[in-house]
Structures are given as structure tokens and as C-alpha cells.
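# Reading the structure
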Amino acid sequence: MRIVLAPMEGLLDFALRDTLTRVRWPADAAPAQGVALPHPSGLDHCVAEFIRISDRVLPPRSFVRVMPELLNGGYTASGVPVRGQLLGSDPEMMAANAQRLAALGSHGVDLNFGCPAQVVNRHGGGASLLKEPDRVYAVAHAVRQAVPSKVLVSAKMRLGFDDDRLAEDCALALVAAGVAEIVVHARTKAHGYRPPAYWARVADLRAVIPAHIPVIVNGEIWCDADARRAQAASGCRDVMLGRGMVADPGLALAIRAHLEQKSHQAPTLKEKIAIPQQGLEIVGSRVSACQPAHLDALALPPAVLPWAEVLTLLPGFWQWVTQRVERRHRAGRLKQWLNLLRRRYPEAQVAFDGLRLSNDHRLVEAWLHAQVEHSDEERGLDFKTQHMKTHGT
Ligand SMILES: Cc1cc2nc3c(=O)[nH]c(=O)nc-3n(C[C@H](O)[C@H](O)[C@H](O)COP(=O)(O)O)c2cc1C
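In this report, the structure presented in the accompanying data block is examined. (Residues numbered from 1 in each chain as written. Predicted model: local features only at pLDDT ≥ 70, side-chain atom pairs only at ≥ 80, totals over all residues. Heavy atoms only, no water.)

### Here's the deal with the overall build of the chain
How we decide: Each helix is a run of DSSP H or I of at least 4 residues and each strand a run of E of at least 2, with the numbering of both proceeding from the N terminus. Accessible area is worked out with a 1.4 Å probe on protein chains only. A residue is then buried under 20% of its type maximum, exposed over 50%, and partly exposed in between. Here a residue-residue contact requires only that any non-hydrogen atoms of the pair lie within 4.5 Å. Note on areas: these come from Shrake-Rupley sampling with a 1.4 Å probe, and a residue is covered only by the protein chains present in the view.
Secondary structure summary: the chain contains 16 helices and eight strands in total. Split into buried and exposed, the 393 residues of the chain put 58% on the buried side. Pairs at least 24 apart in sequence give 74% of the contacts found in the chain among residues at least 6 apart. With the model as given, the accessible surface of the chain reaches about 16,300 Å², and the carbon-plus-sulfur share is 53%.

What follows is the structure, encoded as C-alpha cells:
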């Protein structure tokens, strides 16, 4: 199986990508033994957040701003390949920018057919393209024709815009255009990010997409049991992790340890029973027939990395934030991460409650110093040493 780190504009960007791909099993963690990992973080590759394409070919610096890994051969500092993602609706412009992205060293070119943002959809990009499979084809075909054949072109789609009636047509349009891999975020644009994710609907797409084209299931995977349920319901081997990995940075490792040790067992009866049922979300839409993911985050098992390990990731993350983010937005960046971490860590909840009302980056930094110094006292490391250790400077 492959595990892919999702693109998340404004949340899972370069700083967090760098941080999450540095995650390792704690040295004494038993599940790590005997599990084959593509990379110590458990991840196979990352997709960077979208680069918006309108009416011109962007200069290289615009690509590098979103994806600084291009300056490192397209790899994160810890060696995970990163694929750039383009969002736009003009086939010609998408093709020309894809050429540039490929030439800059991206590990493939990913096309966004899922963004729900109004401003993007108003201009005919993102999820709104799913209303017109012909336009999906036109964009993907132009890009496929434009970039060298050795460069992989992939796509990330939702099930549809208002409903999922055109999901198969859109998937087949991507296939006809020559796309080599398709991620399906198992929701329509109308669903936003609300649970459940309709993993079983991905199985319908898997059934019409030729078997040699990998389909990657995405949406609402918060723990290793979710990954197994998503695999079983969708018929996909590969998974993409978004918020689940931000909330639990050891999630990819947990999934690998569990799945590979258990050789892809189907969910147990107990796990199947644990999947709650959910009524119709869209009248007349086939998604109503799907098995939803579980809805109750509180029912999740404990996160796999101890909080002390998560704390070791924070100085490196903060260093990137201070280098790359305007002062007034810095506190917000850490709070955003804490906001998801608190789903899995009570300590993050306490921190979030303490920092929630502050937008002062100095207060956030003071909190960070206190946390990390306290945690490092036993290890004999101070905050500065931790920075240097993390960044190798
Ligand atoms: C804040 C945020 C930003 C996102 N940005 C992107 C993006 O740039 N490109 C993209 O294809 N999907 C984007 N997504 C969608 C995610 O990649 C993913 O499909 C979605 O969050 C469902 O997966 P999850 O339930 O594991 O989080 C974004 C989602 C969120 C919450």
C-alpha cells in the first residue's frame, strides 16, 4: 500500500510538510520492528497545496514559494518526494504551467478538481469543473500532452459538485485524458468537509477505472482502523491522509504497522458494527447508499506518538513559520495545528485554550519555549539545541 500526505492550502503547507515528514517511531516503539517503510515517516509521497493558474505562465519563484522543495530536487529535507498541484480551468494555461512545474523538478504534476472555494469555483476552477466532464478531459488532456511522458500526471477529484451523478463520467474523462493516478476525496463539493466520507462510492469509481490506474481513497481517515475501513469499503489499497495526519503525526506509521502486520485483513465484525449509519445527505444522489465513516472523534483510539515526541516537532515547525509567515499570522499558524492536535492530545487542548485568544506571536513563542524546555530538561537539550538538531544547522 502507499500512504500519501494530502495538500492542504493554508494548513499543510511547506512548514508542516517538512515537520510531518520528519516524524519517526520513538526508538523503543515495538510496532516499528519488522515493518517495511518506504520512508521513516511512513509516507510515500506528498502533494503540495494548489498553485492557482489563471491567464499567464507563472515565474519559477511562484512555484518555489509554494513548493520550496523544488530547490531540493523535489524532496522534503527528510527525503520524501513532493508533487506540485495546479488548479485552473484554461487547458492552454494549465499545460504551459505544468511544463514549467515539471521542468523545475516536481515529482509529477497533480491537477485539482476538488477545491470548494467560491472564488475558485466562480472562475470555473476546482470542484466546479466536475459539472462538466468534457472540461475535466480538456484540462487533463492538455496537461498530459504538454509534459514529458516520463512525468506522471495525476488528478485529485471530489465525487461531484452538487451531487455525485457525474462522478463516473469525470473519472473516465481523466482516464481518457491519460491521467496515471486518481485520488478521490470521497465527498461532493456540497458536502464540504463534513463527515462522513463516502468511501464505498469510491469503489464504484474503482470498478470503472482500468485496474492498472491506481485509485487512492481520501477523506475522514483519523486512525488506523479508519484506513482499513476505507480500504475495505473502496477497494483501494492506497490512502491519502489530510487532517488525520495533522492531528496525529504518527498516523502513517500506525497504519503501516497495523496493516502490514495484519496483511490487509478485512475489518473485524466488531469494527464493522462500530460504523454508524447516516441518513440521506443529498436527496436523489447515489451517495446515500454508501457506508459512512465513523463520526465521533471521541471514539478514536489514543494517538500513537506520545505528546513528548510531538513537542520535539514544534521548534522546527516554528522556525519555518517565523522564516516564512508574516508576523501577524504566525500565532494563527501554530494555533491551527494545535486545533487539530487537540482532537488527539489533551495537552494540545490545554495549550489551545491558553493561546486561543492571543494573536501575539511572542506569547506563542514563550509558550513554546516553556513546553519544549520542560520536555527537554530530561534529555539535556535546550530550545536552541533542539532547533539546531531539527534543522541540522
Ligand atoms: C484547509 C484545507 C486546505 C485544503 N487545500 C487543498 C489543496 O490545496 N488541494 C487539494 O487538492 N485539496 C485540498 N484540501 C482537501 C484535502 O486535501 C483533503 O482532500 C480533505 O481534507 C479530506 O481529507 P481528510 O478528511 O483526510 O482531511 C484542503 C483541505 C483543507 C481542510
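### Quick word on the site of the ligand
What counts here: Near residues are defined by distance, with any heavy atom within 4 Å of the molecule or strand qualifying the residue. For the purposes of these results, a polar contact is taken to be a pair of N or O atoms within 3.5 Å, where, inside protein, one atom must be able to donate a hydrogen and its partner to accept one; residues adjacent in sequence count only when each atom of the pair is a side-chain atom.
Taken together, 17 residues lie around the ligand, and P7, E9, N218, E220 and R243 are the ones closest in. E9 places a main-chain nitrogen or oxygen 2.8 Å from a nitrogen atom of the ligand. N218 places a polar side-chain atom, nitrogen or oxygen, 2.6 Å from an oxygen atom of the ligand. Burial of the ligand by the surrounding chains reaches 88%, relative to a free accessible area of 610 Å².

### As for the nonpolar core
Stated precisely, the cut-off is as follows: Buried Ala, Val, Leu, Ile, Met, Phe, Trp, Tyr and Cys residues form a nonpolar core when they are joined through side-chain atoms within 4.5 Å.
Counting 113 residues, the largest nonpolar core has L86, V109, F113, M157 and L338 as the members making the most contacts within it. Of the residues forming this core, the biggest block, nine residues, is contributed by helix α12 (residues 307–324).

### Notes on the pairing of strand β5 (residues 153–160)
Threshold: Strand pairing is assigned whenever DSSP detects at least two bridges linking the two strands. Viewed with both strands pointing away, a crossover whose connecting path from the first strand over the helix to the second turns clockwise is right-handed.
Burial runs high along β5: eight of the eight residues are buried. Relative to β5, strand β4 (residues 109–113) is paired through five bridges, and the arrangement is parallel. Across the sheet, F113 pairs through a bridge with M157, a residue of β5. For the handedness criterion, the β-α-β arrangement of β5, helix α6 (residues 167–177) and strand β6 (residues 181–188) is classed as right-handed.

### Topic: the packing of aromatic side chains
Filter applied, for reference: Note on ring pairs: Phe, Tyr and Trp rings are taken, using the six-membered ring of Trp, and paired if centres are within 6.5 Å. Classes follow the plane angle, with under 30 degrees stacked, over 60 edge-to-face and the rest tilted. Any Lys NZ or Arg CZ that is within 6 Å of a ring centre and within 35 degrees of that ring's normal is treated as a charge sitting over the ring.
Within this structure, the stated rule accounts for three aromatic pairs. Their ring planes at 45° and their centres at 5.3 Å tell us that W307 and Y345 sit as a pair that is tilted. Linking W307 in helix α12 with Y345 in the loop between α13 (327–341) and α14 (346–355), this pair joins segments that are 38 residues apart in sequence. Each of the two residues, W307 as well as Y345, counts as buried. Here the aromatic rings of F317 and W337 are separated by 4.9 Å at their centres, their planes lie at 65°, and the arrangement is edge-to-face. Of this pair, F317 sits in helix α12 while W337 sits in helix α13; the two residues are 20 residues apart in sequence, bridging distant segments of the chain. Its relative accessible area of 1% is what places F317 among the buried residues. Across from the ring centre of F161, 4.2 Å away, lies the NZ or CZ of K131, which sits over that ring.

### A closer look at the packing of α13 against α14
This is how it is decided: Only C-alpha atoms enter the line fits that serve as axes; for helices the fit covers just the stretch in contact. Angles between N-to-C directions range over 0 to 180 degrees. Orientation categories follow fixed angle ranges, with anything under 35 degrees roughly parallel, anything over 145 roughly antiparallel, 65 to 115 roughly perpendicular, and all other angles oblique. Left-handed describes a crossing whose near helix is turned anticlockwise from the far helix by less than a right angle; the clockwise case is right-handed.
For the pair α13 and α14, the least separation of the axes is 8 Å and the interaxial angle reads 140°. In this view, α13 runs oblique relative to α14, as classed from their interaxial angle. Relative to α14, the crossing made by α13 is left-handed. Here α13 contributes K335, L338, N339 and L341 to the contact with α14, which in turn contributes A348, A351, F352 and L355.

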